[in-house]
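Summary of structural features
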Amino acid sequence: RQIALQDKMEMDGAAKEIKEKTPPPEGMEGFDSQEAVLALIGDSWEEVAKKGYESAKAAGEEEGDGHSEQQAASKSAAATTKKSSSWFSFGRKSGAGLHVAGGAEGADKGENGKAKTNAQGDKQFDILQTFTEMVRLNAAMTSANMQYVNIMLDEFGNLVRDTVRLGELQEQTDILAMRIAKDVKGVVRTSEFKVCMLASMRSLIPKRWDSQHEKAWLWLWDSIDTQLKLALPLPVKYEVPVARWIQEENDTKTLGDIGLRVWFRMFEKEPRVENVFKQSNERLKWIAVQAFIYSAQIYANPTEMNSQMQALGLKHIMFRVDPRYFAAFVQCIDEEIRSMGVDENICNGVNWSLTVI
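All of these numbers come straight from a predicted model, not from anything done at the bench. (Residues numbered from 1 in each chain as written. Predicted model: local features only at pLDDT ≥ 70, side-chain atom pairs only at ≥ 80, totals over all residues. Heavy atoms only, no water.)

What to know about the overall build of the protein chain
The helix and strand inventory of the protein chain stands at 16 helices and two strands. Evaluated residue by residue, the protein chain yields a buried proportion of 35% over its 357 residues. Considering only residue pairs separated by 6 or more positions, the protein chain has 69% of its internal contacts joining residues 24 or more positions apart. For the protein chain, the computed accessible surface area is about 21600 Å², with 53% contributed by carbon and sulfur atoms. (Helix = DSSP H or I, 4+ residues; strand = E, 2+ residues; numbered from the N terminus. Buried < 20%, exposed > 50% of the residue type's maximum accessible area, 1.4 Å probe, protein only. Contact = heavy atoms within 4.5 Å. Areas by Shrake-Rupley, 256 points an atom, 1.4 Å probe, with all protein chains shown as cover.)

So this is what it looks like as structure tokens:
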């Protein structure tokens, strides 16, 4: 045990040493290493995310206080007008009733970042504090494609965190490409989000923003943009042939038979896998058929499938399934259908979508 622990410590130390010596990306003068770039991005993103959290918390508390005051005002008004309380029932027959209703309306407008009125009747404006609000405001001002911007906002936090923590972003950009291809109408200019993102970051952390932050976030965006542009043409290329082959050219029985051969191929390559998957052949077939079905469905409805796959991933974590088995399973599916002489476009499409899943 001590020897194993010592070996692990030596390996961790070697990995750390290698990581610390990773040179910075090209053109990133002023940074000692790539890790320094990622650290700066991570720290600044945490500050922006914290502002959003505090703003949401404050808004929730304000809303709660507003409800309490409104309820108190209603009770007071009801007590003083007990003999003629028809306004309370309908909310429109006295000054007191109108005042309460107007206050509620003002609160609603305030939540949307528009003008609201204080006790003295002066108009006030909420200062946008969250990244999402700022990006949407900048997108509206620059006439950006809002469908594209909203999809980017859905995944952007995950993109940043995955890049900082793991140095990986391809899976996230792939699912983004699927969602954009399916749900965005009109021309997609990926640079539109870059403009809105940088303007929002500068506004949210003005005291710490400098040329180093500008460089780091530009590098991050260029990395995202490169992967995204590579993936964007693929959903249109693969969706129809994959769906036709899975849903029309093969029935459930045929897909199950293919799936069983996939499992046997996998057991031959990785004998240990057979000790993990001890289900019946019918169950193994069912798992393979579901994989084929998912590989087509994610093209048809990537947003819904993204949520379903995250939930399924949590189940696999709960059952402690080794993640390396996923890659092996996808590889065996790819090898099996290619050995059948299936069209290369279909093989590539199934392999890509299953890799994303």
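Back to the text.
Description of the confidence of the model for the protein chain
Summary statistics for the protein chain give a mean pLDDT of 80 and a share of 73% for residues scoring 70 or more. Scored below 50 in pLDDT, residues 14–19 shows one contact in the model against residues more than four places distant or in partner chains. (pLDDT = per-residue confidence, 0-100.)

So, the layout of surface pockets
If you roll a probe as big as a water molecule over the atoms, it shows you where there is empty space left. In this model, the largest pocket occupies a volume close to 1800 Å³. Lining the largest pocket are 44 residues, with Met-309, Gly-313, His-316, Phe-326 and Ile-357 sitting closest to its centre. In terms of residue count, helix 14 (residues 302–318) provides more of the lining of the largest pocket than any other element does, nine residues in total. In the lining of the largest pocket, the residues fall into 27 nonpolar, nine polar and eight charged. (1 Å grid on protein atoms, 1.4 Å probe; cavity = no way out; pocket = protein on both sides within 12 Å on 5 of 7 lines; lining within 4 Å. Points joined across faces, edges and corners; volume = space filled by probe spheres on them. Nonpolar A, V, L, I, M, F, W, Y, C, P; charged D, E, K, R; others polar.)

Examining helix 11 (residues 252–269)
Between its terminal C-alpha atoms helix 11 stretches 26 Å, which fits the 26 Å expected from 18 residues at 1.5 Å a residue. Of all the residues in helix 11, the buried ones are Leu-255, Gly-256, Ile-258, Gly-259, Leu-260, Val-262, Trp-263, Met-266 and Phe-267. In this fold, the buried residues of helix 11 make contact with helix 10 (234–247), helix 12 (273–276), helix 13 (281–300) and helix 15 (324–339). (Expected span 1.5 Å × (residues − 1).)

Observations regarding the packing of helix 11 against helix 15
One can describe the packing of helix 11 onto helix 15 by two numbers: an axis separation of 9 Å at closest approach and a directional angle of 120°. Taken together, the axes of helix 11 and helix 15 are oblique relative to one another. Once helix 11 is placed against helix 15, the crossing between them reads as right-handed. Across the interface between the two elements, Ile-258, Arg-261, Val-262, Trp-263, Arg-265, Met-266 and Lys-269 from helix 11 touch Tyr-325, Ala-328, Phe-329, Gln-331, Cys-332, Ile-333, Glu-335, Glu-336, Ile-337 and Ser-339 from helix 15. When the residues that make up the contact of helix 11 with helix 15 are grouped by side-chain class, the tally is 10 nonpolar, two polar and five charged. (Axes fitted to C-alpha atoms, helices over the stretch in contact; angles between N-to-C directions. Parallel < 35°, antiparallel > 145°, perpendicular 65-115°, else oblique. Left-handed = near helix turned anticlockwise from the far one by under 90°.)

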